[in-house]
Structure formats: structure tokens, C-alpha cells
Amino acid sequence: MAEENKVKLHGVWASPYVKRVEIALKIKGIPYEFAEEDLVNKSQLLLQYNPVHKKVPVLIHNGKPICESLVILEYIDETWKNGPLLLPQDPYKRAKVHFWTSFVEKELLENVHLVVRSEGGEQEKAIKVVFEKLKLLEEGLKDLFQGETHHIDGENMGILDIVLCSLFGAHKAQEEVLGVKFIDPEKFPLLSSWVTAFIEAAVVKELGPPHEKLVAVYQFLRQKTLQASAA
Amino acid sequence: MREYSYFIPLPLQAATMAEEVKLFGKWISPFSRRIEVALKLKGVEYEYIEEDLVNKSPALLNYNPVHKKIPVLVHNGKPIAESLVIMEYIDETWKHNPILPIDPFEKAMARFWAKFIDDKFWAIWPAVKKALTSGGEKEREEGIEEAQLHLNTLETQLKEKKFFGGERLGFVEISASLIIWIVVSQEVMGVEILTQEKFPALHKLTQKFVEDDVFKQCVPPWEPLVAYFKAQLGALAASK
């Protein structure tokens, strides 16, 4: 691979944000080198590439760093135009995808994290909020597809699929550890069928991590929460 | 607060078969003003609808049922919400006078900084309000310090010319225009936060906005702005 076209991804295996970028790279068929970072002892390179946030993922292309997973996904889509597109071409459809991606990122993700990181009344409240947001998302998906079935396979995943996948790909692990069933086919049929489809997609399966590892991650986060409050 | 009617004359969109653009906004909202800057830069004619956020119109609730917020752009009957999403839509739909860079890497940088600015604003604004409306000296100092800490990050990045690429207003500059609200509100309340001395680059940027031909059409008119802040922030201060 020519030096100019070299693609390197700095990340950690457990991060869903990093996973987003990996899925995108694999869908586009872009070869890349993965550099596992130690987030406790951040490398000089990481601090140099992402001085503002000091976080992963960071994509390096042609020696230039791009940070923030959603910014990276759009960069990938605009730079490698051969192969499946991650966003629709039509500006209005694009805007709808942007809107719902932003919704998942801001409204859903943070509240799911809150469920993991809180207990008692605060957790109950967070769970309630998640269900409210999921209901809005279910409605939004109906509007987004307007009767057309949305197929997901390794090739046919877009930015919204990827972002939802990074949150709810682990829904079984979330259910096991948190005891809450977010992806309920009775309450959210469209969302549930979507989530099931992308978990089965070859590219997602290939990237993992496997269920047991996900459970371990959630258990670890949960332990941290419970220990912090017991202290 | 007195009833405010949006008095800067805007060309009313003649309802044609070709194009109908409406913007639901609020005169005081920096997010709504951003969209006006973008539309004006592109020379797009639009109808502006001032929303009363206490009594939201059925139209707004219909066009943005998820968040029920402004700004909302409606293009040929199709609604788009969220200011940065709208700005990208505008740039993609009316391709002349691009707001975002063409090069994918430069575009990525612009998106990164616009998001950074938006996120910082939500950290800065509460601190600014604290500084401007607190009863006690200590609390005010805390607010000032917190606001300045975040402003410092913006100042550093601006000084290094990491964003704000060109002479004319682009995606990042338009996003950053919300710092004007900080400058105005501090002046109204007589508290110094964003000073020229401490933040020369940010100060220079606010001057650039005020002098820009397009942007100055979109800055809220001075006297109603002062009256608004006096009423809102004054009331908050009095309640403490």
C-alpha cells in the first residue's frame, strides 16, 4: 500500500465509537492498520493526533488525523466513493439521516449510559427516558422508510445503522447485566427487526466483540457504579 | 417583555411552484440566526416565521414533533430541524457560495470545529449566566472563571488558526457567531468575561462578524437585544 494512501485507526477494542469506524472501513473494503491504545497511559502519538479531546477513535489518512467518530464516518464516505455509500445522495434524505443520527447520539446514547451508571430512583428515571426516546425513534424510522423495507447486510449499512449498531448491538449483554429489555419486538417492532438484522450482518459478526466479552464490559461498568455509591 | 416583531425587512417569498423556503425561528436565538446567515450568503429568498416558544404554533409542532424547537427550515413543504443539519442541507441544496470546504479533509475539520464550538457553548453559557446573575461576589467570580476557562480553549485554537479558514464566513465562523451573545449579555449586565485583553483573537472575531455585510443584517437589533437581556437576566439576578 502506498505510503500516501495508508490508513491507520487508533482505538480500543471495547469502544463502540471505534467499532463504528471499523464497520465503515470494512463495508468500504478499505485496508487499515489498527493501533490499540492504552487509555490509561495514552501514547504520545494519540496526544499529538487528538490534542483537543485526547480520545479514540482517531483515523490517520495520508498522515492527517481525523477525530470524532461521526466526522470520521462522513470523511470515509466522501473520500472512498467506490463501494457502498454510507449516506443517501439526496439532500433531504441525507438531512433526515443526519437528524436521526444526532438524535441517537444525543438523546438515546447518553441516557443508556446513565442507566448503566446510576441506581435506584435515578436509574428508574433514566430507563423511563430511554423508552420514551425509543418510541420517538420507532416513529422516526417509520417515516424514514415510509413502507420500504430496510435491508441490512454487510454491504448495505449506512451511518444510522452503524450508530444504532454501536449502541444496541450489545443489547443482549445490556439486558443480561441491567435486567432491562430495550430492544423489545412488541414495543418497537421496526427497531427490533433492524437491530436483529445488523447483529447478523457478516461485517458486524466478524468485528465482534463476542457476547461474553460484552457482558464482561457491562458488568465491569456496573460494578464501578455500585462500588462508587457504596464508598 | 414587550412584544417584539421582527422588523428587518426580508424579501417575502412569493409562493411559486418552483421553490418555497420557510424558516421558523426566534429573533433572540443564535441558532436561528445562523440559518439566516447561511440563507443570506446563498441569496436564498425565504419567509421568516417568528415563533413564540411559550405558545408554540401548530405548524412548529407539526414540523418538529421530536424536539419542538426552532430553528426549523421547511423547503417545499419538507421540514429539516437541528441547526447544523440545516446548514449542511442548505449547502448541499444551493451549491453556489459554498459554506463547507470542498476537500473532504478540510470539510472534516470544519465539522469537527463546529461541533466543538456548539459543545463548548453549552458549557460556557450556563457559566456566563451564573456570572451575570448571581447575587454573591464569590458565585460571580466562579462563573467568570468557569466561562473564561472554556473561552480560553476557543481562544487558543483560534490563535493557532486551526479553524476560521478564510476571509469570508464559512461553516465554522457561522457556528461561532454565538459568541456575540456572550459579548452583548456581558455588556448589558456590566460584567467583564470576554475581554479584549484576555481574548484578543475572539474579540477580533466578534468585530469581524459585526462588520461583515451579510452577518450584520442578521445580528439582532441592538436596543431590543439589550432590553431582552436586561429583562431576562435582570429577573434572574433579582430572584437570587
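Residues numbered from 1 in each chain as written. Chains lettered and ligands numbered in written order. Predicted model: local features only at pLDDT ≥ 70, side-chain atom pairs only at ≥ 80, totals over all residues. Heavy atoms only, no water.

### A short note on the interface of chain B and chain A
Reasoning step 1: Contact residues are listed per partner, giving 24 residues for chain B and 24 residues for chain A.
Reasoning step 2: Roughly 2,100 Å² is buried in total at the junction of chain B and chain A, and carbon and sulfur atoms are behind 71% of that figure.
Reasoning step 3: Per-residue buried area on chain B facing chain A is highest for B:Val66, B:Phe105 and B:Phe112; these three make up 27% of the total on that side.
Reasoning step 4: Close ionic contact of B:Arg111 with A:Glu78 constitutes a salt bridge, the shortest N to O distance being 3.1 Å.
Reasoning step 5: The interface formed by chain B and chain A holds seven residue pairs in polar contact (both at pLDDT 80 or more) in total.
Reasoning step 6: Counting residues per element, the ones that place at least two in the side of chain B that touches chain A are β4 (78-81), α3 (83-93) and α4 (104-133) of chain B.
Reasoning step 7: The element best represented in the side of chain B that touches chain A is α4(B), accounting for ten residues.
Reasoning step 8: Among the residues making up the side of chain B that touches chain A, the classes are represented as 13 nonpolar, four polar and seven charged. (Contact = heavy atoms within 4.5 Å. Buried area = accessible area lost by both parts, 1.4 Å probe. Salt bridge = Lys/Arg side-chain N within 4 Å of Asp/Glu carboxyl O. Polar contact = N/O pair within 3.5 Å; in protein donor to acceptor, adjacent residues only side chain to side chain. Helix = DSSP H or I, 4+ residues; strand = E, 2+ residues; numbered from the N terminus. Nonpolar A, V, L, I, M, F, W, Y, C, P; charged D, E, K, R; others polar.)

### Some details on the nonpolar core
Reasoning step 1: Grouped together as the largest cluster of nonpolar side chains are 156 residues, with contacts concentrated most on A:Leu59, A:Ile76, A:Met157, A:Phe168, A:Phe182, A:Leu191 and B:Leu73.
Reasoning step 2: Among the elements that take part in this core, α4(B) stands out by supplying 15 residues, more than any other.
Reasoning step 3: Sequence-distant contacts of A:Met157, defined by excluding residues within four places in its chain, comprise A:Ile23, A:Ile27, A:Leu85, A:Leu86, A:Ile152, A:Ile162, A:Cys165, A:Phe198, A:Ala201, A:Val203 and A:Val204. (Core = buried A, V, L, I, M, F, W, Y, C linked by side-chain atoms within 4.5 Å. Buried < 20%, exposed > 50% of the residue type's maximum accessible area, 1.4 Å probe, protein only.)

### Considering unusual backbone geometry
Reasoning step 1: Looking along the chain, the bond that leaves A:Val56 and enters A:Pro57 is cis, with omega of 0 degrees.
Reasoning step 2: That bond from A:Gly208 to A:Pro209 is cis: its omega, -10 degrees, falls within 30 degrees of zero.
Reasoning step 3: Here A:Pro209 is to be found in the loop between α9 (202-207) and α10 (211-230).
Reasoning step 4: For B:Lys68, which is not a glycine, the phi torsion comes out positive at approximately 55 degrees.
Reasoning step 5: Within the secondary structure, B:Lys68 is located in the loop between α2 (58-63) and β3 (72-75).
Reasoning step 6: The class of B:Lys68 is partly exposed, set by a relative accessible area of 39%.
Reasoning step 7: A positive phi is found at B:Asn76, a non-glycine position, where the angle reads about 50 degrees.
Reasoning step 8: By secondary structure assignment, the location of B:Asn76 is in the loop between β3 and β4.
Reasoning step 9: Note on B:Asn76: relative accessible area 39%, which makes it partly exposed.

### Here's the deal with the confidence of the model for chain B
All names here are of chain B.
Reasoning step 1: Scored by pLDDT, chain B comes out at a mean of 85, with 89% of its residues at no less than 70.
Reasoning step 2: The low-confidence segment residues 1-17, where pLDDT is below 50, has 31 contacts with residues more than four positions distant or belonging to other chains.
Reasoning step 3: Reported confidences for the modelled complex are a pTM of 0.89 and an ipTM of 0.91. (pLDDT = per-residue confidence, 0-100.)

### Quick look at the sheet that holds strand β2 (residues 33-36) of chain A
Residue and element names in this part refer to chain A.
Reasoning step 1: Strand order in the open sheet formed by four strands is β2-β1-β3-β4, and the pairing between neighbours is mixed. Strands at the two margins of the open sheet, each flanked by one partner only, are β2 and β4 (64-67). The average undirected angle you get between the axes of adjacent strands in this sheet is 25 degrees.
Reasoning step 2: The pairing of strand β1 (residues 7-11) with strand β3 (residues 58-61) spans four bridges and is classified as antiparallel. Bridge pairing in β3 links Val 7 to His 61.
Reasoning step 3: Against the sheet, helix α1 (residues 16-28) contacts β1, β2 and β3, and its axis sits at roughly 155 degrees relative to β1. (Pairing = 2+ DSSP bridges. Axes fitted to C-alpha atoms, helices over the stretch in contact; angles between N-to-C directions.)

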